[in-house]
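An overview of the molecular structure
Here is what each chain is made of, one letter per residue.
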Amino acid sequence: PLSVFQKEIRKKLHLASQSSSYTSALFSNLQETGKSIMVKTGDILFGKYEIGKLAGEGGMSKVWFAKELSNNRLWAVKDIDKTSMKFKSMANPDGTLTEVEIVKDLNHPFIPRVNDVYEDETSIQIVMEYVNGKSLKEVAEAAGPIDEAHVVEWAKDMAEIFIYLHTREKPVIYRDLKPGNVI
(Lines give C-alpha, C1' and ligand atoms only; values in the text may rest on other atoms or scores of the structure.)
Protein backbone atom coordinates (compact mmCIF):
# COMPACT_ATOMS: atom_id res chain seq x y z
CA PRO A 1 0.00 0.00 0.00
CA LEU A 2 1.16 3.50 -0.78
CA SER A 3 1.60 6.08 1.95
CA VAL A 4 -0.27 9.39 1.74
CA PHE A 5 3.04 11.02 0.79
CA GLN A 6 3.68 8.51 -2.04
CA LYS A 7 0.14 9.00 -3.36
CA GLU A 8 0.60 12.78 -3.36
CA ILE A 9 3.96 12.52 -5.17
CA ARG A 10 2.47 10.14 -7.75
CA LYS A 11 -0.47 12.52 -8.29
CA LYS A 12 1.86 15.50 -8.77
CA LEU A 13 4.06 13.53 -11.20
CA HIS A 14 1.00 12.48 -13.18
CA LEU A 15 -0.37 16.05 -13.29
CA ALA A 16 3.06 17.38 -14.26
CA SER A 17 3.37 14.87 -17.06
CA GLN A 18 -0.03 15.98 -18.40
CA SER A 19 0.99 19.63 -18.34
CA SER A 20 1.71 20.99 -21.79
CA SER A 21 4.69 23.00 -20.50
CA TYR A 22 6.23 19.87 -18.92
CA THR A 23 5.66 17.84 -22.08
CA SER A 24 6.90 20.68 -24.30
CA ALA A 25 10.08 20.95 -22.23
CA LEU A 26 10.72 17.23 -22.66
CA PHE A 27 10.10 17.42 -26.39
CA SER A 28 12.25 20.50 -26.90
CA ASN A 29 15.07 18.77 -25.01
CA LEU A 30 14.83 15.77 -27.31
CA GLN A 31 14.53 17.93 -30.40
CA GLU A 32 17.60 20.00 -29.45
CA THR A 33 19.69 16.82 -29.36
CA GLY A 34 18.15 15.66 -32.63
CA LYS A 35 16.81 12.47 -31.10
CA SER A 36 13.48 10.86 -31.87
CA ILE A 37 11.47 9.41 -29.01
CA MET A 38 11.16 6.01 -30.81
CA VAL A 39 11.95 3.52 -28.08
CA LYS A 40 14.15 0.43 -27.71
CA THR A 41 14.77 -2.18 -25.02
CA GLY A 42 16.37 -0.66 -21.93
CA ASP A 43 15.15 2.89 -22.55
CA ILE A 44 13.47 4.81 -19.75
CA LEU A 45 10.45 6.51 -21.32
CA PHE A 46 9.82 9.92 -19.75
CA GLY A 47 11.36 8.91 -16.45
CA LYS A 48 8.43 6.59 -15.70
CA TYR A 49 8.59 3.40 -17.77
CA GLU A 50 11.46 1.00 -18.45
CA ILE A 51 11.09 -0.49 -21.93
CA GLY A 52 11.37 -4.28 -22.05
CA LYS A 53 11.30 -6.67 -24.97
CA LEU A 54 9.37 -6.20 -28.19
CA ALA A 55 5.89 -7.74 -27.98
CA GLY A 56 4.94 -7.32 -31.65
CA GLU A 57 4.88 -4.99 -34.61
CA GLY A 58 2.68 -3.89 -37.47
CA GLY A 59 2.77 -1.55 -40.44
CA MET A 60 3.30 1.70 -38.55
CA SER A 61 4.03 0.70 -34.97
CA LYS A 62 5.77 -1.59 -32.54
CA VAL A 63 4.38 -2.71 -29.19
CA TRP A 64 6.80 -3.06 -26.31
CA PHE A 65 6.49 -4.48 -22.81
CA ALA A 66 7.24 -1.81 -20.20
CA LYS A 67 7.54 -1.66 -16.42
CA GLU A 68 6.43 1.39 -14.45
CA LEU A 69 9.41 2.33 -12.29
CA SER A 70 7.39 3.56 -9.31
CA ASN A 71 5.46 0.34 -8.75
CA ASN A 72 6.75 -2.37 -11.15
CA ARG A 73 3.36 -2.55 -12.89
CA LEU A 74 3.51 -3.93 -16.43
CA TRP A 75 2.24 -1.85 -19.34
CA ALA A 76 2.24 -2.13 -23.11
CA VAL A 77 3.72 0.76 -25.07
CA LYS A 78 2.51 1.24 -28.63
CA ASP A 79 5.28 3.12 -30.41
CA ILE A 80 3.89 4.68 -33.60
CA ASP A 81 6.27 5.81 -36.33
CA LYS A 82 4.81 9.02 -37.76
CA THR A 83 7.29 8.91 -40.67
CA SER A 84 5.93 5.59 -42.00
CA MET A 85 3.82 5.51 -45.16
CA LYS A 86 1.08 3.66 -43.26
CA PHE A 87 0.84 6.48 -40.68
CA LYS A 88 0.81 9.13 -43.39
CA SER A 89 -2.05 7.33 -45.15
CA MET A 90 -4.10 7.21 -41.93
CA ALA A 91 -3.23 10.59 -40.39
CA ASN A 92 -5.52 13.59 -40.44
CA PRO A 93 -4.48 16.58 -42.60
CA ASP A 94 -2.96 18.23 -39.52
CA GLY A 95 -0.76 15.16 -38.89
CA THR A 96 -2.71 13.87 -35.89
CA LEU A 97 -3.99 10.35 -35.57
CA THR A 98 -7.65 10.02 -34.61
CA GLU A 99 -6.89 6.72 -32.81
CA VAL A 100 -4.94 8.55 -30.11
CA GLU A 101 -7.81 10.90 -29.29
CA ILE A 102 -10.34 8.07 -29.29
CA VAL A 103 -8.47 5.57 -27.11
CA LYS A 104 -7.72 8.14 -24.40
CA ASP A 105 -11.47 8.44 -23.69
CA LEU A 106 -12.50 4.77 -23.77
CA ASN A 107 -13.56 3.14 -20.52
CA HIS A 108 -14.74 -0.44 -20.85
CA PRO A 109 -13.63 -3.55 -18.94
CA PHE A 110 -12.81 -5.42 -22.19
CA ILE A 111 -10.72 -2.58 -23.67
CA PRO A 112 -7.20 -1.88 -22.37
CA ARG A 113 -7.04 1.43 -20.49
CA VAL A 114 -4.66 4.13 -21.72
CA ASN A 115 -2.40 5.56 -19.01
CA ASP A 116 -0.22 8.07 -20.87
CA VAL A 117 0.30 9.45 -24.38
CA TYR A 118 3.47 11.17 -25.56
CA GLU A 119 4.17 12.66 -28.98
CA ASP A 120 6.86 14.47 -30.96
CA GLU A 121 7.36 15.17 -34.68
CA THR A 122 8.36 11.60 -35.54
CA SER A 123 6.56 9.32 -33.09
CA ILE A 124 3.69 8.74 -30.70
CA GLN A 125 3.85 6.49 -27.63
CA ILE A 126 0.60 5.19 -26.17
CA VAL A 127 1.14 3.59 -22.75
CA MET A 128 -1.74 1.19 -22.21
CA GLU A 129 -2.84 -1.51 -19.83
CA TYR A 130 -0.97 -4.77 -20.37
CA VAL A 131 -3.35 -7.66 -20.96
CA ASN A 132 -1.78 -11.05 -20.22
CA GLY A 133 -3.01 -13.84 -22.43
CA LYS A 134 -2.92 -15.35 -25.87
CA SER A 135 -4.53 -13.83 -28.91
CA LEU A 136 -7.38 -15.62 -30.65
CA LYS A 137 -4.95 -16.30 -33.51
CA GLU A 138 -2.48 -18.02 -31.13
CA VAL A 139 -5.26 -20.05 -29.51
CA ALA A 140 -6.62 -21.21 -32.87
CA GLU A 141 -3.16 -22.10 -34.18
CA ALA A 142 -2.31 -24.09 -31.03
CA ALA A 143 -5.68 -25.79 -30.45
CA GLY A 144 -7.06 -26.15 -33.95
CA PRO A 145 -10.83 -25.87 -34.39
CA ILE A 146 -12.50 -24.26 -31.38
CA ASP A 147 -15.75 -25.65 -30.01
CA GLU A 148 -18.95 -23.71 -30.68
CA ALA A 149 -19.67 -22.88 -27.02
CA HIS A 150 -16.38 -20.99 -26.67
CA VAL A 151 -16.87 -19.19 -29.97
CA VAL A 152 -20.36 -18.07 -28.92
CA GLU A 153 -19.06 -16.72 -25.57
CA TRP A 154 -16.25 -14.81 -27.30
CA ALA A 155 -18.72 -13.43 -29.84
CA LYS A 156 -20.98 -12.18 -27.03
CA ASP A 157 -18.03 -10.41 -25.38
CA MET A 158 -17.00 -8.83 -28.67
CA ALA A 159 -20.59 -7.78 -29.38
CA GLU A 160 -20.64 -6.03 -25.98
CA ILE A 161 -17.52 -4.08 -26.98
CA PHE A 162 -19.05 -3.09 -30.34
CA ILE A 163 -22.28 -1.97 -28.68
CA TYR A 164 -20.18 0.22 -26.35
CA LEU A 165 -18.16 1.66 -29.25
CA HIS A 166 -21.08 2.19 -31.63
CA THR A 167 -23.42 3.80 -29.07
CA ARG A 168 -20.98 6.48 -27.88
CA GLU A 169 -21.85 10.13 -28.51
CA LYS A 170 -19.33 9.95 -31.36
CA PRO A 171 -19.54 6.31 -32.52
CA VAL A 172 -16.23 4.49 -32.96
CA ILE A 173 -15.63 2.12 -35.87
CA TYR A 174 -12.85 -0.36 -35.12
CA ARG A 175 -11.11 -1.10 -38.42
CA ASP A 176 -8.41 -3.50 -37.25
CA LEU A 177 -10.44 -6.45 -35.99
CA LYS A 178 -8.52 -9.65 -36.57
CA PRO A 179 -7.72 -12.76 -34.50
CA GLY A 180 -4.26 -11.41 -33.64
CA ASN A 181 -5.83 -8.34 -31.99
CA VAL A 182 -8.30 -10.22 -29.77
CA ILE A 183 -6.98 -11.48 -26.42
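Please refer to the structure placed before this passage.
As a starting point, this report considers the structure included with it. What you are looking at is a predicted structure, and each value in this text was computed from that prediction instead of being measured.

Brief notes about the pairing of strand β6 (residues 123-129)
Of all seven residues in β6, six are buried, a share of seventy percent or more. Across seven bridges, strand β4 (residues 74-81) lies against β6 in antiparallel orientation. Among the inter-strand pairings, Ile80 is bridged to a residue of β6, identified as Ile124. For strand β5 (residues 114-119) and β6, the ladder comprises five bridges, and the chain directions are antiparallel. Along β6, the bridge assignment pairs Val117 with Ile126. What sits between β5 and β6 in their antiparallel hairpin is a turn of three residues.

Some points on the pattern of salt bridges
In total, this model carries six salt bridges according to the counting rule given. Between Asp43 and Lys40 there is a salt bridge; the shortest N-O distance is 3.2 Å. Across the pair Lys67 and Glu50 runs a salt bridge whose closest N-O atoms are separated by 3.8 Å. Here Lys67, found in strand β3 (residues 61-68), pairs with Glu50, found in strand β2 (residues 49-57); they are 17 residues apart in sequence, far enough to count as distant. Overall, Lys67 belongs to the partly exposed group, its relative accessible area being 30%.

What counts, and where the lines are drawn
- Residues numbered from 1 in each chain as written.
- Predicted model: local features only at pLDDT ≥ 70, side-chain atom pairs only at ≥ 80, totals over all residues.
- Heavy atoms only, no water.
- Buried < 20%, exposed > 50% of the residue type's maximum accessible area, 1.4 Å probe, protein only.
- Helix = DSSP H or I, 4+ residues; strand = E, 2+ residues; numbered from the N terminus.
- Pairing = 2+ DSSP bridges.
- Salt bridge = Lys/Arg side-chain N within 4 Å of Asp/Glu carboxyl O.

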